[in-house]
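# Structural overview
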Amino acid sequence: MTDAALIPDHDRPARPAVLRGLLRRCPACGQGAMFRGYLKVRDACPACGEALHHHRADDGPAYLTILIVGHLMAPLIMWAFVTWRPAPLVLAGSFAAGCVALSLFLLPRLKGMIVAIQWAKRMHGFGAGPGGADV
């Protein structure tokens, strides 16, 4: 059994970390910006110095974004078609723009949430203590 398994979960509560991640803030302090660009995670928090380079968000934010946008927009496009019967190009154009806008809004927030979950659960090196050893 590793020492990381002995650490209680309450020293890094997940709920505040997830909320901070959704706000694109550092999961540890909630003050510093997590991103230095649109999706580029900083190596460390500018406010508290918490290392953030350990994250492994990979394709998770994109999958979640597609899932959420698809589940929101599919019923809306069906409702709009049945209710108003717009021209096909109007319907396709407006919902394509809506899907792109919603995707661009959600993607960095969901990436922040996934990085925050990894931090709270000490995944992918976030549990490393001084000297790089897992605590």
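The structure under discussion appears in the preceding block.
Residues numbered from 1 in each chain as written. Predicted model: local features only at pLDDT ≥ 70, side-chain atom pairs only at ≥ 80, totals over all residues. Heavy atoms only, no water.

Turning next to helix α2 (residues 60–84). Each α-helix winds once per 3.6 residues, and so residues spaced three or four apart point in a common direction. Spanning 25 residues, α2 covers 36 Å between terminal C-alpha atoms, matching the ideal 36 Å at 1.5 Å per step. Among the residues making up α2, those that are buried are Pro-61, Thr-65, Val-69, Met-73 and Ala-80. Residues of α2 that are buried make contact with α3 (88–120). Where α2 terminates, the next one or two residues include Arg-85, which has phi positive at roughly 50°. (Helix = DSSP H or I, 4+ residues; strand = E, 2+ residues; numbered from the N terminus. Expected span 1.5 Å × (residues − 1). Buried < 20%, exposed > 50% of the residue type's maximum accessible area, 1.4 Å probe, protein only. Contact = heavy atoms within 4.5 Å.)

We now examine helix α1 (residues 14–22). The set of residues buried in α1 consists of Ala-17, Val-18 and Gly-21. Considered in projection along α1, the buried side chains sweep an arc of 100° and stay on one side of the axis. Residues of α1 that are buried make contact with α3. In the segment just after α1, Arg-24 is the residue with positive phi, at about 65°. (Arc of directions from axis to C-beta.)

Take the nonpolar core next. Counting residues in each nonpolar core, the largest one holds 21 residues, and the members touching the most others are Met-34, Val-41 and Val-115. For this core, the secondary structure elements donating two or more residues are α1, α2 and α3. Ranked by residues supplied to this core, first place goes to α3 with ten residues. Ignoring sequence-local partners within four residues, the contact set of Val-41 consists of Met-34, Phe-35, Leu-52, His-55, Lys-111 and Val-115. (Core = buried A, V, L, I, M, F, W, Y, C linked by side-chain atoms within 4.5 Å.)

In total, this model carries one aromatic pair according to the counting rule given. Sitting over the face of the ring of Phe-105, Arg-109 holds its NZ or CZ atom 4.0 Å from the ring centroid. (Phe/Tyr/Trp six-rings, centres within 6.5 Å; stacked < 30°, edge-to-face > 60°. Lys NZ or Arg CZ within 6 Å of the ring centre and 35° of its normal.)

Now for the packing of α2 against α3. Where α2 meets α3, the closest approach of the two axes is 8 Å, and the angle between their N-to-C directions is 150°. Between α2 and α3, the angle falls in the class roughly antiparallel. Relative to α3, α2 is oriented so that their crossing is right-handed. Broken down by class, the residue content of the contact of α2 with α3 amounts to 20 nonpolar, four polar and one charged. (Axes fitted to C-alpha atoms, helices over the stretch in contact; angles between N-to-C directions. Parallel < 35°, antiparallel > 145°, perpendicular 65-115°, else oblique. Left-handed = near helix turned anticlockwise from the far one by under 90°. Nonpolar A, V, L, I, M, F, W, Y, C, P; charged D, E, K, R; others polar.)

The subject of this paragraph is the packing of α1 against α3. Two measures define how a pair of helices packs: the angle their axes make with one another and the distance between the axes. Two elements in contact, α1 and α3, have axes separated by 7 Å at closest approach and are oriented at 150°. The angle between the axes of α1 and α3 places the two elements in the roughly antiparallel class. For the crossing formed where α1 meets α3, the hand is right-handed. Along the contact surface, α1 presents Ala-14, Ala-17, Val-18, Gly-21 and Leu-22, while α3 presents Arg-109, Gly-112, Met-113, Ala-116, Ile-117, Trp-119 and Ala-120. A class-by-class count of the residues in the contact of α1 with α3 yields nine nonpolar, two polar and one charged.

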